[in-house]
Amino acid sequence: MTRTIALVLIAGLAVATAACTESKRARNAATWGDKPADITCWTYGTETFSGRSTGKVEHSEEGRIAFVDAANGRYTTVDGDCRVVYLAEGEAGEPTPVAVTPAPAPAAVLPETTPAQ
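Read on for an overview of the structure. Here, residues in each chain are numbered from 1, in the same order as that chain's written sequence. pLDDT decides what is reported in this predicted model: residues at 70 or higher carry local features, side-chain atom pairs at 80 or more are listed and counted, and totals for whole chains, interfaces and linings draw on all residues regardless. To get the side-chain values, all heavy atoms of the structure are used, and hydrogens and water are removed first.

## Focus: the sheet that holds strand β6 (residues 81–86)
Formally: Any two strands with at least two DSSP bridges between them are considered paired. Only DSSP runs of H or I with at least four residues qualify as helices, and only runs of E with at least two residues qualify as strands; both kinds are numbered from the N terminus onward. In this analysis, axes come from line fits to C-alpha atoms, helices being fitted only over the stretch in contact, and the angle between any two N-to-C directions falls in the range 0 to 180 degrees.
The strand order across the open sheet formed by three strands is β2-β1-β6, and the pairing between neighbours is antiparallel. The sheet is open, and its two borders are formed by β2 (46–52) and β6, each paired with just one other strand. For this sheet, the mean inter-axis angle between neighbouring strands, taken without regard to orientation, is 10 degrees.

Following this line, the structure appears as structure tokens:
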């Protein structure tokens, strides 16, 4: 009886472990699919990288990301705190230019003069 219970528990544990692995793979495929992404990384508050990937961005356990840089076509790895923003389906990803009207220059301020006595 105890042997049967032990076998059932081991089998259930094996199925649960495989199910967690499959769900994690499905989530990763949906989240980190072969889509371009805008990437910005910082180290100690200083921006160290800003660019775009041509496709999938891989994440390592050590916190490093790896991707093919769209600017030069090279395989690139970056350490640091990174923000990865995947582009939506059909989104060009280029920022829309915004027209900025320059503010008028401030009027000149002349120092006050005191009359000569």
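## Description of the sheet that holds strand β5 (residues 75–78)
One open sheet holds the three strands; their spatial order is β3-β4-β5, and the pairing between them is antiparallel. One side of each edge strand has no neighbouring strand; the edge strands of this open sheet are β3 (58–59) and β5. The pairing of β3 with strand β4 (residues 65–68) spans two bridges and is classified as antiparallel. What sits directly across from His 59, in β4, is Ile 65.

## Here's the deal with the state of the cysteines
This is how the line gets drawn: Cysteine sulfur atoms are paired as a disulfide whenever they fall within 2.5 Å. Relative accessibility thresholds used throughout: buried, under 20% of the residue-type maximum; exposed, over 50%; partly exposed, between the two (1.4 Å probe, protein chains only).
What the rule picks out here adds up to one disulfide. Note on cysteine connectivity: Cys 41 is disulfide-linked to Cys 82, with sulfurs 2.0 Å apart. In this structure the cystine formed by Cys 41 and Cys 82 twists about its S-S bond by roughly 110 degrees; its chirality is therefore right-handed. Within this pair, whereas Cys 41 is found in strand β1 (residues 37–43), its partner Cys 82 is found in strand β6, the two being separated by 41 residues in sequence. In this structure Cys 41 comes out as buried when scored by relative accessible area, which is 0%. Assessed through its relative accessible area of 26%, Cys 82 is described here as partly exposed.

## Re the environment of Gly 55
Inspection of the secondary structure assignment puts Gly 55 in the loop between β2 and β3. On a C-alpha basis, the gap between Gly 55 and Phe 67 in space is 7.2 Å, while along the polypeptide they are twelve residues apart.

## Overview of the nonpolar core
Keep this limit in mind: For this analysis, a nonpolar core means a set of buried residues of the types Ala, Val, Leu, Ile, Met, Phe, Trp, Tyr and Cys, connected via side-chain atoms within 4.5 Å. Throughout, a residue-residue contact means that at least one pair of heavy atoms, one from each residue, lies within 4.5 Å.
Core analysis: the biggest nonpolar cluster contains nine residues, these being Ala 37, Ile 39, Cys 41, Phe 49, Val 57, Ile 65, Phe 67, Val 78 and Tyr 86. Looking at this core, the elements that each hand over two or more residues are β1 and β4. By residue number, the principal contributor to this core is β1, which donates three residues. Apart from residues no more than four positions distant in its own chain, Ala 37 is found in contact with Gly 51, Arg 52, Ser 53, Val 57, Val 84, Val 85, Tyr 86 and Leu 87.

## What about unusual backbone geometry?
Although it is not a glycine, Tyr 44 adopts a positive phi angle of roughly 50 degrees. Within the element layout of this structure, Tyr 44 appears in the loop between β1 and β2.

## Considerations on the side chain of Asp 69
Counted only if it meets this: Only four residue types enter the tally: Lys and Arg on the positive side, Asp and Glu on the negative side; His and the chain ends are excluded. Take a side-chain nitrogen of Lys or Arg and a carboxyl oxygen of Asp or Glu: if they are within 4 Å of each other, that pair is a salt bridge.
Relative to the helices and strands, Asp 69 resides in the loop between β4 and β5. Among buried Asp, Glu, Lys and Arg side chains, Asp 69 stands out as unpaired, with Arg 74 the closest opposite charge at 8.3 Å. If we ignore the near neighbours within four places in the chain, the residues touching Asp 69 are Phe 49, Arg 52, Thr 54, Arg 74 and Thr 76.

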